[in-house]
Amino acid sequence: MARTTAPDAHNSLDARSPVDAHSPLDNLDTFEAVIAADGRIEPRDAMPDDYRRALVRQMSQHANSEIIGMQPEGNWITRAPSLARKAILMAKVQDEAGHGLYLYAAAETLGTSRAEMTEALLAGKARYSSIFNYPTPTWADIGAIGWLVDGAAICNQVPLCRASYGPYARAMVRICKEESFHQRQGFEILLTLSRGTDEQHEMAQQAVDRWYAPSLMMFGPPDADSPNSAKSMAWNIKRFSNDELRQRFIDMLVPQAKALGLTLPDPDLRWNAERGHHDHGDLDWDEFAAVLRGEGQCNAQRMAHRQAAFDEGAWVREAATAHAARAAQSRKSQEAATEESAA
Ligand code: BYC
């Protein structure tokens, strides 16, 4: 193994990638040393099976969420209130598809194919975020998704840009930039409605009432009920606990809600000077558990739609595979011809 010392700070870690191409970590002791030094692990490195499994679980769920997450907003593309709003929403939904693709591609570097990950989702063996099982009955829900759902995603995902697995961390950098634009467009939709007619203001408030608690649940169960956190944090996949990120998000939302002229639906929400954070009410964790069991308002609809899209896309996958095989064959013939003429 060419590299015996672990990099000492994550800033230096991207410099590891070119080195890594020639000298992957070859044993688990060096893996531990790189993790201890807050270094990055790359695809060809030796890594514990549990670390690989934890990453495939989280990254595939994350990718599934991006793809399923296109549905609640896709529902409004044909009904957006202006051409400009329609164009922006289409671009946003396309961004989510792109995020899914980066994440499936990053997860594939761990040895699980995209087909396997999709199969697991469709068979109900892999999860996607609870948040996408709620309906979008009004245009204001699109604003609330942008402000709250993309806002929660940013809070959760910015620390993932420093996740120990290189391909995941690098995918997250671009995703976070796009999420940041998504959040602003959601905020702007809500601001326009909030400052509009009384009916529009009320529509914005009702959408915030619907999405606030589910967006807080996106961060996962309370720390005491989070079985995966300890290992994920020890391996520097997760940098903060579920409750820490939830608190950070609430603290961020309070001044933004004030600027919007909207109320966050939590009577227990108040500033606690001693803690330097907002206190907040309990969430309905029974509802969260029911959504995870597939009993949310839209679980069945989301999965049926995903299955139908997968089935309808079969001919595209077949055509792409046939095209790739033909391209590979023609490359081979060209190489053979070049070798022959050189001989
Ligand atoms: N929904 O031990 P825990 C987006 C599961 S998409 C469903 O705390 P962990 C967007 C969890 O998987 C952004 N399941 O888990 C797209 C575990 O079950 P398993 C989506 C959840 O992994 C389109 C069990 O509960 N973001 O932004 O340490 C349009 C115990 O949990 C949820 C990501 O995927 C949930 N909310 O922490 C707009 C971020 N929470 O797997 C926007 C990446 C927990 O043991 N993921 N569970 O059967 C993560 O950061 C972490 O996986 C979580 C959970 C914080 C979500």
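In case you missed it, the structure is sitting above this.
To keep things clear, this report deals only with the structure shown in the data block. For every chain, the first residue of its written sequence is number 1, and the numbers climb from 1 along that sequence. For a predicted model such as this one, the threshold for reporting local features is a pLDDT of at least 70, and the threshold for listing and counting side-chain atom pairs is 80 or more; totals across whole chains, interfaces and linings nevertheless cover every residue. Values reported for side chains reflect all heavy atoms of the structure, with hydrogen atoms and water molecules removed beforehand.

Turning to its location among the elements, Ala106 is positioned in helix α5 (residues 83-108). The buried category is assigned to Ala106, whose relative accessible area is 6%. Expressed as a C-alpha distance, the spacing of Ala106 and Met172, which sit 66 residues apart in the sequence, is 10 Å. Sequence-distant contacts of Ala106, defined by excluding residues within four places in its chain, comprise Met59, Tyr165, Pro167 and Tyr168. Strands are runs of DSSP state E lasting at least 2 residues, helices are runs of H or I lasting at least 4, and numbering of each runs from the N terminus. Relative accessible area decides the class of each residue, using a 1.4 Å probe on protein chains only: under 20% of the type maximum gives buried, over 50% gives exposed, and in between gives partly exposed. By definition in these notes, contact holds between two residues if any of their heavy atoms fall within 4.5 Å.

With respect to the helices and strands, the residue Ser215 is situated in helix α9 (residues 198-217). Other than its neighbours up to four places away in sequence, Ser215 contacts Ile131, Leu148, Ala152 and Phe249.

Quick look at the packing of α5 against helix α8 (residues 166-194) now. The geometry of α5 relative to α8 is characterised by a closest axis approach of 10 Å and an angle of 160° between their N-to-C directions. With respect to α8, the element α5 is oriented roughly antiparallel. Crossing handedness for the pair α5 and α8: left-handed. Of the residues in the contact of α5 with α8, the class split is eleven nonpolar, four polar and eight charged. Here, axes are lines fitted to C-alpha atoms. For helices the fit covers the stretch in contact, and angles between N-to-C directions go from 0 to 180 degrees. Oblique is the label for any angle not covered by the other classes, which are roughly parallel (under 35 degrees), roughly antiparallel (over 145) and roughly perpendicular (65 to 115). Crossings are assigned a handedness: left-handed for a near helix turned anticlockwise from the far helix by less than a right angle, right-handed for a clockwise turn. Amino acid classes used here: Ala, Val, Leu, Ile, Met, Phe, Trp, Tyr, Cys and Pro are nonpolar; Asp, Glu, Lys and Arg are charged; the rest, including Gly, are polar.

The backbone phi angle of Asp38 is positive, close to 60°, even though this residue is not glycine. In this structure, Asp38 sits in the loop between α2 (28-36) and α3 (49-68).

Time to look at the environment of Met203. Assignment of secondary structure puts Met203 in helix α9. For Met203, a relative accessible area of 28% translates into the label partly exposed. Taking the C-alpha atoms as reference points, Met203 and Arg44, separated by 159 residues in sequence, lie 51 Å from one another. Discounting residues that sit within four places of it in the chain, Met203 has contacts with Thr138, Trp139 and Ala140.

Bringing the nonpolar core into the picture now. The definition of a nonpolar core used throughout is a set of buried Ala, Val, Leu, Ile, Met, Phe, Trp, Tyr and Cys residues joined through side-chain atoms within 4.5 Å. Residues Trp139, Trp147, Trp211, Tyr212, Phe249 and Leu264 are the most contacted members of the largest nonpolar core, which totals 45 residues. Of all elements in the fold, only α5, α7 (139-157), α8, α9, α11 (242-260) and α12 (285-292) reach the threshold of two or more residues within this core. The greatest single-element share of this core, amounting to ten residues, is contributed by α7. With residues up to four places along the chain from it excluded, the contact list for Trp147 reads Gln183, Gly186, Phe187, Leu190, Val208, Leu253, Gln256, Ala257, Leu260 and Leu264. By size, the runner-up hydrophobic cluster in this structure holds 29 residues, among which are Val34, Leu55, Tyr168 and Cys176.

Time to look at the site of the ligand. One heavy atom within 4 Å of a molecule or strand is enough for the residue carrying it to be called near that molecule or strand. In the neighbourhood of the ligand, 35 residues make up the surrounding shell, with Ser130, Ser226, Asn228, Lys238 and Asn242 lying closest. Identification of polar contacts relies on pairs of N or O atoms within 3.5 Å, with a donor-acceptor requirement for protein atoms, meaning one able to donate a hydrogen and the other able to accept it, and with residues adjacent in sequence counted only if both atoms are side-chain atoms. Ser226 places a polar side-chain atom, nitrogen or oxygen, 2.6 Å from an oxygen atom of the ligand. Take Asn242: an N or O atom from its side chain is 2.8 Å from an oxygen atom of the ligand. For the area figures, the Shrake-Rupley method with a 1.4 Å probe applies, and any residue is considered shielded solely by the protein chains shown. In isolation the ligand has 1,000 Å² of accessible area, and contact with the protein removes 90% of it. When contributions to the shell around the ligand are tallied by element, the ones reaching two or more residues are α3, α5, α7, α8 and α12. When residues of the shell around the ligand are assigned to their parent elements, the largest contribution, six residues, is made by α3. Classifying every residue of the shell around the ligand by side-chain character gives twelve nonpolar, 14 polar and nine charged.

This part covers the packing of aromatic side chains. Aromatic pairs are defined between Phe, Tyr and Trp rings, using the six-membered ring for Trp, whenever the two ring centres lie within 6.5 Å; interplanar angles under 30 degrees are classed as stacked, those over 60 as edge-to-face, and all others as tilted. The tally for this structure, following the rule as stated, stands at six aromatic pairs. Taking the centre distance of 5.5 Å and the plane angle of 85° together, the rings of Tyr51 and Trp235 count as edge-to-face. Pair noted here: Tyr51 is in helix α3 and Trp235 is in the loop between α10 (229-234) and α11, with a separation of 184 residues, a long-range link. Here Tyr51 falls in the buried class, since its relative accessible area comes to 0%. Taking NZ or CZ as reference, Arg79 lies 4.0 Å from the ring centre of Trp76, over its face. Cation placement over rings: the criterion is NZ of Lys or CZ of Arg within 6 Å of the ring centroid and within 35° of the ring normal.

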